[in-house]
Amino acid sequence: MKSSAAAPSLALCGVWLMLGAVPALAGETAEETGAETEADASAQTTQDQAQAQNAPAVSPAGPPPFKPVFDRNWATIGLGAGLVPTYAGSNNFQLFPLPLIVGRVGGVGFRPAAAGLSLDFLSPQPTVVSRDKKPTVSLGPTFRFRNDRAVDSGDDVVDAAGRLDNALEVGVSAGLSFPGVLNRFDSLTISANARWDVLGAHGGRVIEPGVTYATPIGRGMLVQVGATAEIVDDNFADYYFSVTPAQSAASGLPMFAADGGLNRLGTLAIVTVDTDGNALNGGFNVYGLAGYSRMIGDGADTPYTALRGDPNQFLLGLGLGYTF
């Protein structure tokens, strides 16, 4: 196992999902609490009036109404570690840090997205989704830093083919979220993003559609499962999967000419547990994730995968976050 910054994309794709359904739960809970309080007050009105003349004046007692942490502005920050392949298609693994920052500030939502960041300029207040039960749209820019085989891959033969350049992919991300699918607090989100390399490394385009289902279990746990795909163009495939005559001579790998197309299918499960059993009041939470993806097409057939790696890609991760 050697260190590399190359391949934890599936892990980071999944980490942004965490706590995504909790704001909806917060809104519902706040409304339910308010409704119960109003009903209790109405039920006591007659009794209070009957006792008012005989009862001495007293100051209101009891704690102030509970206010969930998920309001106009909130954020979760955290740090974890994941066991991930050293590059897409590798059968070597490494421990890689998994930072987390997700939330909403000034009406703009933000979340990690595949070794990068996505912003949502249409991010609604948490109570809007839970009150209206209407689909919500997300839209904003997305960024990804990609360094597959730009650093030590953990395989001397692959490294002999030569290091690649770092890529910075910039594009747009959009999604449509449906709340209350199977229960009052869950959500189903369909999303997609398209990115283009702006540093001239692979010089290509990547499209990533996905679907995610999230549901809380009580107030202290959130379970999320998702599926994603990766579709690449010819420039991307040629850069990462082709073996040129020069690369073949240097590494001993057979020559290979790659074309674009469907490159990967994957799934990810995330469980988030609040340490005090109530995610609505913020504080610390522990999250774990497990994922599997399968390289497809020339991403699986390239000698970097077929001869030196494995098309089956796995990951495990564990982290600690704080919500405020």
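Residues numbered from 1 in each chain as written. Predicted model: local features only at pLDDT ≥ 70, side-chain atom pairs only at ≥ 80, totals over all residues. Heavy atoms only, no water.

1. Some remarks on the nonpolar core
Step number 1: One finds V232, F236, A237, Y239, Y240 and F241 to be the most contacted residues of the largest nonpolar core, which totals 13 residues.
Step number 2: Top contributing element to this core by residue count: helix α5 (residues 234-241), with five residues.
Step number 3: Residues contacting F236, with those up to four places away along its chain left out, are R146, E169, H202, G204, R205, V206 and F241. (Core = buried A, V, L, I, M, F, W, Y, C linked by side-chain atoms within 4.5 Å. Buried < 20%, exposed > 50% of the residue type's maximum accessible area, 1.4 Å probe, protein only. Helix = DSSP H or I, 4+ residues; strand = E, 2+ residues; numbered from the N terminus. Contact = heavy atoms within 4.5 Å.)

2. A closer look at the environment of L79
Step number 1: As for its placement among the helices and strands, L79 is situated in strand β1 (residues 74-85).
Step number 2: Sequence separation of L79 and I101 is 22 residues, and the distance between their C-alpha atoms is 8.8 Å.
Step number 3: When sequence neighbours within four positions are dropped, the list of residues in contact with L79 reads P97, L98, P99, Y287, G319 and L320.

3. So, unusual backbone geometry
Most peptide bonds adopt trans geometry, and most residues besides glycine take a negative phi value.
Step number 1: The backbone of R149 shows a phi angle near 60°, a positive value even though the residue is not glycine.
Step number 2: Relative to the elements of secondary structure, R149 occurs in the loop between β5 (136-146) and α4 (156-160).

4. Some words on α5
Step number 1: Of the positions making up α5, those classed as buried are F236, A237, Y239, Y240 and F241. End-on, the buried residues of α5 take up no more than an arc of 170°, which puts them together on one face. (Arc of directions from axis to C-beta.)

5. Here we look at the packing of aromatic side chains
Step number 1: Summed over the entire model, instances satisfying the criterion amount to seven aromatic pairs.
Step number 2: Here Y239 and Y240 contribute two aromatic rings whose centre-to-centre distance is 5.1 Å and whose plane-to-plane angle is 85°, an arrangement assigned as edge-to-face.
Step number 3: With a relative accessible area of 3%, Y240 lands in the buried category.
Step number 4: One aromatic cluster in this structure is built from F236, Y239, Y240 and F241.
Step number 5: Over the ring of Y304 we find R149; its NZ or CZ atom is 3.9 Å from the centre of that ring. (Phe/Tyr/Trp six-rings, centres within 6.5 Å; stacked < 30°, edge-to-face > 60°. Lys NZ or Arg CZ within 6 Å of the ring centre and 35° of its normal.)

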